[in-house]
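# A structural walkthrough
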Amino acid sequence: MSLPRCLSRCFIGSFLLFAPHAFGFAEDVCYEGNGTLAKNCATLPASCATTEPVSNTCLNQVVASYATRPPVAGRSLVHADATYVMAQAVGFSATDAYWIAAYDEATDLGTFQPLDMHGQPVPGNYTTAAIDGLVRTNFDTGGVFLHFIAPRNSGAVVNGLHPDMDDPYTESTLAHLRAWALAGSTSHPQCTGGFTLGSNGDSATGSACYVSSSAQSVPVRGTLTAVNSVPVLITTSTGPQVVHTNVDGSVVTSAQLNQYLGGTASDVANARLGIYLHTLADRVSHHVCTDAASIVGPLARNEGFREDINNPECGQAVHLLRHLYETGVMFSSLSPQDQTTTAVLGEVWNELVQFASARGVLNPNATQSAYRNAIVGALNTALQEPSAPRRIARVNKVACDRGWELFPGATCSL
């Protein structure tokens, strides 16, 4: 076994001991698997302040809290329920809103089926296709790069709390996914690491995935901080993003996504949008870590690329701490850098407006500040509820109060 592969597997065996909830906007709703009500996946220890820096005692207890979480991962109310409510608010139908939110969550879990308030699968056609090539623990396909999103910062200061998705020179991964999601067909590829052949001087928005001067794929290598600041090595290569690996080892790539998902053009567009929104949310969630990261390339030696996501702000304990700041706490008490939920709700709303407009379904009210602030503000308040069942209910009550559909299996009252 080669050293890079060994380190990756060791990482998955230790740092990802608590997977699948150890990455951006982690699942906050979990279940015991015995029919009891939903629970918090982990809880901020009493020893932890809500402003950084925190004590070593706090960090140790954070790791312990994740290690003893309920066994059944449910979902992130940010990726799923809140996105579902906002998608309806800006004009998407309840059906489209669900699949946008479902693929947003599936980008973490590989596939998604909603569970009700007691952890039981919701009857009906609600399960996504398998998109395991995109998940946060997939190092071989570069799926990890959709969750830890390094900018092309060239040493410059960047602000991932409010990233500029229209800047392919700095936020290249986001710009790449955004263009792909908007394309709605095969006219724009989804490429490993977001690397395309140059377009207007950038390497994110071209019409073909990156190849060398001899028309070959090139290495994409990365480092990611893990336990005790030991970097994990990531090795993959340019080309169409692997979306799913079949049991026989064959793969489905992004170039085959439309056929793989089937359904209508809207169905495929919903999945693309959900995947992009997940990446956007994770860029915000991980910004303290990834603002200090970088992408370089193509390199002169082998025309490959490097993503360096290796710094103390990416370490396991502080990473998990920041996920506990994302729901169930008073956001105004947090350090400004950690108010990521408030930031991401606004960013996702703005993007949903743009995509609803492109699809011709935009609710004109969605561009009005008062309407936007009322919905986003209500969701922001609801997500601060400490109790998992009540948090589900409060998020969905934003829809219930307006006559919109609830997330499958959810309730708007307890």
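Scroll up to find the structure this text is about.
Now for a quick tour of the structure. (Residues numbered from 1 in each chain as written. Predicted model: local features only at pLDDT ≥ 70, side-chain atom pairs only at ≥ 80, totals over all residues. Heavy atoms only, no water.)

Counted according to the given criterion, the structure contains 4 disulfides. Across a sulfur-sulfur distance of 2.1 Å, Cys191 and Cys209 are joined as a disulfide pair. The sign of the S-S torsion, about -90 degrees, decides the handedness of the disulfide formed by Cys191 and Cys209: left-handed. A residue pair is termed long-range when its members are at least 10 positions apart, and Cys191 in the loop between helix H5 (172-183) and strand S4 (219-225) and Cys209 in the loop between H5 and S4 qualify at 18 residues. The two residues Cys191 and Cys209 agree in class, both being buried. Across the disulfide, Cys289 is cross-linked to Cys314 (sulfur-sulfur distance 1.9 Å). Taking the sign of the torsion about the S-S bond as the criterion, the disulfide between Cys289 and Cys314, at about 95 degrees, is right-handed. In this pair, Cys289 sits in helix H8 (residues 287-290) while Cys314 sits in the loop between strand S9 (305-309) and helix H9 (316-324), placing the two residues 25 residues apart along the sequence. Among the residues examined, Cys289 registers a relative accessible area of 3% and is labelled buried. (Disulfide = S-S within 2.5 Å. Helix = DSSP H or I, 4+ residues; strand = E, 2+ residues; numbered from the N terminus. Buried < 20%, exposed > 50% of the residue type's maximum accessible area, 1.4 Å probe, protein only.)

Within the open sheet, the 3 strands sit side by side as S2-S1-S3. Their pairing is antiparallel. Strands with a single pairing partner mark the edges of an open sheet, and in this sheet they are strand S2 (39-40) and strand S3 (72-75). One ladder, built from 3 bridges, connects strand S1 (residues 29-31) with S3; its direction is antiparallel. Bridged to Tyr31 within S3 is Val72. (Pairing = 2+ DSSP bridges.)

Moving on to the packing of aromatic side chains. Taken as a whole and assessed by the stated rule, the structure comprises 10 aromatic pairs. Ring centres of Tyr98 and Phe407 lie 5.7 Å apart, and the angle between their planes is 55 degrees; on these two criteria the pair is classed as tilted. Pair noted here: Tyr98 is in helix H4 (residues 94-109) and Phe407 is in the segment after helix H12 (388-400), with a separation of 309 residues, a long-range link. Seen from their ring centres, Phe112 and Phe407 are 6.3 Å apart, and the 50 degrees between their planes marks the pair as tilted. One end of the pair, Phe112, is in the loop between H4 and H5; the other, Phe407, is in the segment after H12, and 295 residues separate them in sequence. The class of Phe407 is buried, set by a relative accessible area of 1%. The structure contains a cluster of three or more aromatic residues connected by ring pairs, namely Tyr84, Tyr98, Trp99, Tyr103, Phe112, Tyr126 and Phe407. (Phe/Tyr/Trp six-rings, centres within 6.5 Å; stacked < 30°, edge-to-face > 60°.)

Right, let's get into helix H10 (residues 340-359). End to end, H10 covers 28 Å across 20 residues, agreeing with the expected 28 Å (1.5 Å per residue, within 8%). Within two residues after H10, Gly360 carries a phi angle of roughly 75 degrees, on the positive side. (Expected span 1.5 Å × (residues − 1).)

The contact between helix H2 (residues 56-67) and H9 brings their axes to 9 Å, and the two run at 70 degrees. Here H9 runs roughly perpendicular to H2, going by the angle between their axes. For the pair H2 and H9, the contacting residues are Cys58, Leu59, Val62, Val63 and Tyr66 in the first and Gln316, Ala317, Val318, Leu320, Leu321, His323 and Leu324 in the second. Grouping the amino acids of the contact of H2 with H9 by side-chain chemistry returns 10 nonpolar, 2 polar and no charged. (Axes fitted to C-alpha atoms, helices over the stretch in contact; angles between N-to-C directions. Parallel < 35°, antiparallel > 145°, perpendicular 65-115°, else oblique. Contact = heavy atoms within 4.5 Å. Nonpolar A, V, L, I, M, F, W, Y, C, P; charged D, E, K, R; others polar.)

One can find Pro189 in the loop between H5 and S4. Once the C-alpha coordinates of Pro189 and Leu383 are considered, the two residues, 194 residues apart in sequence, prove to be 35 Å apart. Contact partners of Pro189, with chain neighbours within four places excluded, come to His176, Trp180, Gly206, Ser207, Ala208 and Cys209.

To continue, consider the nonpolar core. Ranked by internal contacts, the top residues of the largest apolar core, which has 82 residues, are Phe92, Tyr276, Trp349, Leu352 and Leu379. Apart from residues no more than four positions distant in its own chain, Trp349 is found in contact with Met86, Ala89, Val90, Ala366, Tyr371, Arg372, Ile375 and Val376. Counting 18 residues, the second-largest nonpolar core is a separate cluster that includes Val144, Phe195, Leu224 and Ala293. (Core = buried A, V, L, I, M, F, W, Y, C linked by side-chain atoms within 4.5 Å.)

Quick look at the pairing of S4 now. A large share of S4 lies buried, amounting to 5 of its 7 residues. Pairing between S4 and strand S5 (residues 231-237): 7 bridges, direction antiparallel. Among the inter-strand pairings, Leu224 is bridged to a residue of S5, identified as Val232. Across 5 bridges, S4 lies against S9 in parallel orientation. Bridge pairing in S9 links Leu224 to Ile309.

Across the sheet, which stays open at both edges, the 4 strands sit in the order S5-S4-S9-S8 with mixed pairing between neighbours. Every interior strand has two partners, whereas the edge strands, S5 and strand S8 (294-296), have only one. In this sheet, neighbouring strand axes are inclined to one another by 15 degrees on average, regardless of whether the strands run parallel or antiparallel.

What follows covers the pattern of salt bridges. Enumeration over the complete set of coordinates arrives at 15 salt bridges. When the shortest N-O distance is used, the salt bridge between Glu52 and Arg322 registers 3.0 Å. Here the residue Glu52 occupies a position in the loop between S2 and H2, and Arg322 occupies one in helix H9, the gap between them amounting to 270 residues. Residue class for Arg322 comes out buried when judged on its relative accessible area of 8%. Residue Arg394 pairs with Glu385 through a salt bridge whose shortest N-O separation is 3.5 Å. (Salt bridge = Lys/Arg side-chain N within 4 Å of Asp/Glu carboxyl O.)

All right, on to the side chain of Arg178 then. Residue placement: Arg178 occurs in helix H5. With residues near it in sequence (within four places) discarded, Arg178 still touches Met165, Asp166, Tyr276, Glu351, Gln354 and Phe355.

Among the secondary structure elements, Asn363 is positioned in the loop between H10 and helix H11 (369-382). Within the structure, Asn363 has its side chain in polar contact with the backbone oxygen of Ala89 (distance 3.2 Å). When residues no more than four places from it in sequence are discounted, the contact partners of Asn363 are Ala89, Val90, Gly91 and Tyr371. (Polar contact = N/O pair within 3.5 Å; in protein donor to acceptor, adjacent residues only side chain to side chain.)

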